[in-house]
Amino acid sequence: MSDTELPQATSQIVAADANVRVDLALIADLVQRGGRVLDVGCGDGSLLALLERQRGVDARGMEISQQGVNEAVARGLSVVQGDADRDLIHYPDDAFDYVILSQTIQATQNPKAVLSELLRIGRRAVVSFPNFGHWSVRLSLMAKGRMPVTRNLAYSWYDTPNIHFCTIRDFVDLTREVDAEVESAIALDSTGQRMGMRLPWAFWNLFGQQAVFLLKRRGK
């Protein structure tokens, strides 16, 4: 997509559980039924459990924290301990239909390399992240002169796991660098509602608090 092209719409959300986080429901909506899925940075396995329950996928997970692995395994999920920056290289090409990185890319050491690996081992990659370009973040920086703490960026600067903050437009630029095609994109506003599908990137960048992208390798 160029800066003049409009973000693409997604299909309707399929998740029926009102207690499910809205971004996880949107990700589930992007995954076709019965696919083979790897969730990188899967935490306690909430998304994997949702995908198994509602999409009937063959769900696998990778999580860096032992506590997260233990909680996911206790759910009956197939999850291994691993680091996205180091361990994705061990998976073969096109091993999965979808590789998911939910609210994690900003916490990786090398986001560009990680994104390239996602696109190598998955036929599709789904990436979600908080938008550091949201107006509230900009206003907080301008008014207070300090790193902002918001609902989606809830850590102080000295204890945050997030080491590579990005905006929606930054991420779009990164997709071009790794030769990825944006098949679909969603932005959520401060109330958790999807923003208009015909709005330009610049509007999403200012008013979207988080984003979800469905990607594939160009020409694939």
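Scroll up for the structure.
This report concerns the structure included in the present document. Just so we're clear, the structure is a prediction, and the values are computed from it rather than from any experiment.

In terms of regular secondary structure, the protein is built from eight helices and seven strands. In the protein, buried positions account for 49% of the 220 residues. Here the analysis covers contacts within the protein between residues at least 6 apart in sequence; of these, 67% occur between residues at least 24 apart. Of the accessible surface of the protein, which amounts to about 10600 Å², a share of 50% is contributed by carbon and sulfur atoms.

A cluster of nonpolar side chains, Trp135, Leu139, Met142, Phe203 and Phe207, forms an exposed patch at the surface whose accessible area comes to about 520 Å². Broken down by element, the residue count for the nonpolar patch peaks at three residues, all from helix α6 (residues 135–144). Note that Trp135 resides in helix α6. Classification of Trp135 as partly exposed rests on a relative accessible area of 41%.

This next bit is on the nonpolar core. In terms of nonpolar packing, the biggest core is built from 34 residues, with Leu118, Phe171, Phe213 and Leu215 touching the most fellow members. Of all elements in the fold, only β1 (36–40), β4 (96–102), α5 (111–121), β5 (122–130), α7 (168–177), β6 (180–188), α8 (201–207) and β7 (210–217) reach the threshold of two or more residues within this core. Take this core: its biggest share by element is five residues, from α5. By size, the runner-up hydrophobic cluster in this structure holds 26 residues, among which are Leu26, Cys42, Ala59 and Val126.

With respect to the secondary-structure elements, Leu119 resides in helix α5. Along the backbone, Leu119 and Phe96 are 23 residues apart, and their C-alpha atoms lie at a distance of 9.9 Å.

Let us now look at unusual backbone geometry. The phi angle at Gln103 is positive, at roughly 55°, despite the residue not being glycine. You can see Gln103 is positioned in the loop between β4 and α5. The backbone of Asp179 sits at a positive phi, close to 60°, despite the residue not being glycine. Classification of Asp179 by relative accessible area gives partly exposed; the value is 42%.

Before going further, it helps to spend a moment on the packing of helix α1 (residues 22–30) against helix α2 (residues 46–55). Between α1 and α2, the shortest axis-to-axis distance is 10 Å and the interhelical angle comes to 45°. Considering the angle they form, α1 stands oblique to α2. Note that α1 runs across α2; the crossing there is right-handed. When α1 is examined against α2, the residues Leu24, Ala25, Ile27, Ala28 and Asp29 are found in contact with a partner set consisting of Ser46, Leu47, Leu50, Leu51 and Arg55. Each residue belonging to the contact of α1 with α2 can be placed in one class, and the counts come to seven nonpolar, one polar and two charged.

With four of five residues buried, β1 is to be regarded as a mostly interior element. Pairing of β1 with strand β2 (residues 58–63) involves five bridges; the strand directions are parallel. Note on β2: the bridge partner recorded for Arg36 is Asp58. For the handedness criterion, the β-α-β arrangement of β1, α2 and β2 is classed as right-handed.

Let us now look at the environment of Arg120. Its location among the elements puts Arg120 in helix α5. Residue classification places Arg120 among the buried residues on the basis of a relative accessible area of 19%. Distance from Arg120 to Phe96, taken between C-alpha atoms, is 9.5 Å for residues 24 residues apart in sequence. Within the structure, the side chain of Arg120 is placed 2.8 Å from the side chain of Glu117, a separation counted as a polar contact.

What follows concerns the pairing of β4. Counting buried positions along β4 gives six out of seven residues, so the element sits mostly inside the fold. Here six bridges tie β4 to β5, and the two strands are oriented parallel to one another. Bridging from a neighbouring strand, Leu101 pairs with Val127 of β5. As for the winding sense of the linkage, the β-α-β connection from β4 through α5 to β5 is right-handed.

Here is what the cut-offs are and how they apply
Residues numbered from 1 in each chain as written. Predicted model: local features only at pLDDT ≥ 70, side-chain atom pairs only at ≥ 80, totals over all residues. Heavy atoms only, no water. Helix = DSSP H or I, 4+ residues; strand = E, 2+ residues; numbered from the N terminus. Buried < 20%, exposed > 50% of the residue type's maximum accessible area, 1.4 Å probe, protein only. Contact = heavy atoms within 4.5 Å. Areas by Shrake-Rupley, 256 points an atom, 1.4 Å probe, with all protein chains shown as cover. Patch = residues over 30% accessible without salt bridge, like charges linked within 9 Å, V, L, I, M, F, W, Y side chains within 5 Å. Salt bridge = Lys/Arg side-chain N within 4 Å of Asp/Glu carboxyl O. Core = buried A, V, L, I, M, F, W, Y, C linked by side-chain atoms within 4.5 Å. Axes fitted to C-alpha atoms, helices over the stretch in contact; angles between N-to-C directions. Parallel < 35°, antiparallel > 145°, perpendicular 65-115°, else oblique. Left-handed = near helix turned anticlockwise from the far one by under 90°. Nonpolar A, V, L, I, M, F, W, Y, C, P; charged D, E, K, R; others polar. Pairing = 2+ DSSP bridges. Right-handed = clockwise from strand over helix to strand, strands pointing away. Polar contact = N/O pair within 3.5 Å; in protein donor to acceptor, adjacent residues only side chain to side chain.

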